[in-house]
Amino acid sequence: MVKKASKAVTAQTTPNIVGVAAGNKNFTTLVTAVKAAGLVETLSGDGPFTVFAPTNDAFASLPKGTVESLLAPASKKALTGILTYHVVAGKFEAAAVIEAIKSNDGAFKVTTVQGGTLVLSVKDGKVILTDEEGGTATVVIADVQASNGVIHALDGVVMPKS
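Residues numbered from 1 in each chain as written. Predicted model: local features only at pLDDT ≥ 70, side-chain atom pairs only at ≥ 80, totals over all residues. Heavy atoms only, no water.

1. Section: the overall build of the protein chain
So, step 1. Scanning the protein chain for helices and strands turns up 7 helices and 7 strands.
So, step 2. Classification of the 162 residues of the protein chain by burial places 40% in the buried group.
So, step 3. Considering only intrachain contacts with a sequence separation of at least 6, the fraction spanning at least 24 residues in the protein chain is 65%.
So, step 4. In the protein chain, 14 side chains carry a positive charge and 13 a negative one; their mean positions are 11 Å apart. (Helix = DSSP H or I, 4+ residues; strand = E, 2+ residues; numbered from the N terminus. Buried < 20%, exposed > 50% of the residue type's maximum accessible area, 1.4 Å probe, protein only. Contact = heavy atoms within 4.5 Å. Lys, Arg positive; Asp, Glu negative; His and termini not counted. Charge placed at Lys NZ, Arg CZ, Asp CG, Glu CD.)

2. A look at the pattern of salt bridges
So, step 1. For the structure on display, the rule yields 1 salt bridge.
So, step 2. Between E93 and K91 there is a salt bridge, and its shortest N-O distance comes to 3.7 Å.
So, step 3. Taking the relative accessible area as the measure of exposure, K91 reaches 39% and is therefore partly exposed. (Salt bridge = Lys/Arg side-chain N within 4 Å of Asp/Glu carboxyl O.)

3. Concerning the sheet that holds strand β4 (residues 117-123)
So, step 1. Sheet architecture is open: 7 strands sit in the order β2-β1-β7-β6-β5-β4-β3, paired in mixed fashion. Looking along the sheet, the strands with just one partner apiece sit at the ends: β2 (87-89) and β3 (108-111). Taking the axes of each pair of neighbouring strands and ignoring which way they run, one obtains an average angle of 30° across the sheet.
So, step 2. Two elements, strand β5 (residues 126-130) and strand β6 (residues 136-146), share 3 bridges in a ladder whose sense is antiparallel. (Pairing = 2+ DSSP bridges. Axes fitted to C-alpha atoms, helices over the stretch in contact; angles between N-to-C directions.)

4. Concerning the packing of helix α2 (residues 28-36) against helix α6 (residues 76-84)
The description of two packed helices rests on the angle between their axes and on the distance between the axes.
So, step 1. Between α2 and α6, whose axes approach to 9 Å, the crossing angle comes to 125°. Comparing the axis directions of α2 and α6 gives the class oblique. With respect to the hand of their crossing, α2 and α6 are arranged in left-handed fashion. Two secondary-structure elements touch here, α2 through L30, A33, V34 and A36 and α6 through K76, L79 and L83.
So, step 2. A per-class count over the contact of α2 with α6 returns 6 nonpolar, no polar and 1 charged. (Parallel < 35°, antiparallel > 145°, perpendicular 65-115°, else oblique. Left-handed = near helix turned anticlockwise from the far one by under 90°. Nonpolar A, V, L, I, M, F, W, Y, C, P; charged D, E, K, R; others polar.)

5. What about the pairing of β3?
So, step 1. As defined by bridge partners, β3 adjoins β4 across 4 bridges and the pair is classed as antiparallel. Looking across to β4, one finds that F108 is bridged to L120.
So, step 2. Linking β3 back to β4 in an antiparallel pair, the connection comprises 5 residues, with G115 at a positive phi of about 110°.

6. As for the pairing of β6
So, step 1. The loop that links β5 with its antiparallel partner β6 comprises 5 residues; one of these, G134, has a positive phi angle of about 90°.
So, step 2. The pairing of β6 with strand β7 (residues 149-154) spans 5 bridges and is classified as antiparallel. Bridging across to β7, I141 finds its partner in A153.
So, step 3. Remark: 2 residues form the turn of the hairpin made by β6 and β7, two consecutive strands paired antiparallel.

7. Re the side chain of H86
So, step 1. With respect to the helices and strands, the residue H86 is situated in the loop between α6 and β2.
So, step 2. Non-local contacts of H86, meaning those with residues more than four positions away in its chain, are made with T50, V51, F52, P54, L154, V157 and V158.

From the geometry alone we can't say anything about function, so treat these as descriptive.
What follows is the structure in C-alpha cells.
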C-alpha cells in the first residue's frame, strides 16, 4: 500500500478594505473612525468600492480637536457623512481614473456613497480630489488592492458640503 503525500494548500486571500486598512500603520486613525461610525460591516461587504483613504497625517492636519470631536458618539452622523464622502461605488484603479479625467477635458466628477460630488483632476502627474467646499487632497499612494475594491491613499481629508 502506497500512501500519497498530501500537500497542505493554503489559499492566500486578499483582505477586504477594512482588513487592508487595519493592517497598515498609516491608516490607524481611519480605522478608528470607521469603527466609531459603525461602517466596518458596510466596508467589509461585497462592494466593489473605491476608497479615497486619508492617512494619519491627513487627519492630523485638520484643525486641532477636529478628529477627537468627530470620534465622539454625538458626532456619529457627521463622521459617517465625512467617511462615506471618501467612498465611491465601483472599483476604479488609477489608470481608469486618469483615463476618465483625460476623456472629460481634465476634470471628472464622481458621486460618492454619501451622495455628494468630488471632482478628480491631474496636476503635476498626480490625481487631485476637489471637494464641494473647494478643498483639495492629493492621491499619494494608488491602487492598494483589497478583495472588495481598491484604496487610494490621500494626503488630506475632503469634506462634503456643510
